[in-house]
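So the chains spell out like this:
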Amino acid sequence: MDDILKSITDFACGTSYDDLPDNAVIAAKERLVDTLGCALGALDCDTVAVARTLVGGPPPKGLAGRILGEDTAYAADNAAFVN
């Protein structure tokens, strides 16, 4: 592992929620709510409809994912693609 990757890994593994400053927690929550809002707003758009036609078939055992707004299980990578 190179030095940069090691320093990033050490930082990520050594950081806990309590170590985060309040403004970082607030910013992360804002981004999460914004992302979910955009995803919910796009449920019926043409681009998502096309993406849904590209995924299908049962997921491999233990590798299932869900597309936002649907109950059907898909392969995790396909669900991530559509979401």
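Here the structure is a predicted model, which means the values were calculated and not measured.

**Considering the overall build of the protein chain**
Here is step 1 of the chain: Of regular secondary structure, the protein chain possesses four helices and two strands.
Here is step 2 of the chain: The linear arrangement of helices and strands in the protein chain, starting from the amino end, is α-α-α-β-β-α.
Here is step 3 of the chain: What you see for the protein chain is a C-alpha radius of gyration of 18 Å, clearly larger than the 12 Å of a compact globule of 83 residues, by over 25%.
Here is step 4 of the chain: For the protein chain, the spread of C-alpha atoms along the principal axes amounts to about 40 × 30 × 20 Å.
Here is step 5 of the chain: Out of the 83 residues in the protein chain, the part that is buried amounts to 12%.
Here is step 6 of the chain: Excluding contacts between residues fewer than 6 apart, the proportion of contacts in the protein chain whose partners are at least 24 apart in sequence is 22%.
Here is step 7 of the chain: Total accessible area on the protein chain is roughly 6500 Å²; 62% of this is exposed by carbon and sulfur atoms.
Here is step 8 of the chain: Computed over 6 positive and 13 negative side-chain charges, the inter-centroid distance for the protein chain is 7 Å.

**Structural notes on the confidence of the model for the protein chain**
Low-pLDDT portions of the prediction should not be read for the details of their coordinates.
Here is step 1 of the chain: The pLDDT averaged across the protein chain works out to 92; a share of 100% of its residues lies at or above 70.
Here is step 2 of the chain: The least confident element of the protein chain, judged by mean pLDDT, is strand β2 (residues 73-75) at 91; the most confident is helix α2 (residues 22-41) at 95.

**Things to note about a nonpolar patch on the surface**
Here is step 1 of the chain: On the surface, V50, L54 and F81 cluster together into a nonpolar patch covering about 330 Å² of accessible area.
Here is step 2 of the chain: Checked against the element boundaries, V50 lands in helix α3 (residues 46-54).

**Brief notes about the pattern of salt bridges**
Here is step 1 of the chain: Across all of its chains, the model carries three salt bridges by this definition.
Here is step 2 of the chain: Linking D10 and K6 is a salt bridge whose minimum nitrogen-to-oxygen distance equals 2.9 Å. Of this pair, D10 and K6 both sit in helix α1 (residues 3-14), four residues apart, which is roughly one turn of that helix.
Here is step 3 of the chain: For D10, a relative accessible area of 43% corresponds to the partly exposed category.
Here is step 4 of the chain: Among the ionic pairs, E30 bridges to R31, the shortest N-O distance being 3.3 Å.
Here is step 5 of the chain: On the basis of relative accessible area, E30 is assigned to the partly exposed category, the value being 47%.

About the thresholds
Residues numbered from 1 in each chain as written. Predicted model: local features only at pLDDT ≥ 70, side-chain atom pairs only at ≥ 80, totals over all residues. Heavy atoms only, no water. Helix = DSSP H or I, 4+ residues; strand = E, 2+ residues; numbered from the N terminus. Rg over C-alpha atoms; globule rule 2.2 N^0.38 Å. Buried < 20%, exposed > 50% of the residue type's maximum accessible area, 1.4 Å probe, protein only. Contact = heavy atoms within 4.5 Å. Areas by Shrake-Rupley, 256 points an atom, 1.4 Å probe, with all protein chains shown as cover. Lys, Arg positive; Asp, Glu negative; His and termini not counted. Charge placed at Lys NZ, Arg CZ, Asp CG, Glu CD. pLDDT = per-residue confidence, 0-100. Patch = residues over 30% accessible without salt bridge, like charges linked within 9 Å, V, L, I, M, F, W, Y side chains within 5 Å. Salt bridge = Lys/Arg side-chain N within 4 Å of Asp/Glu carboxyl O.

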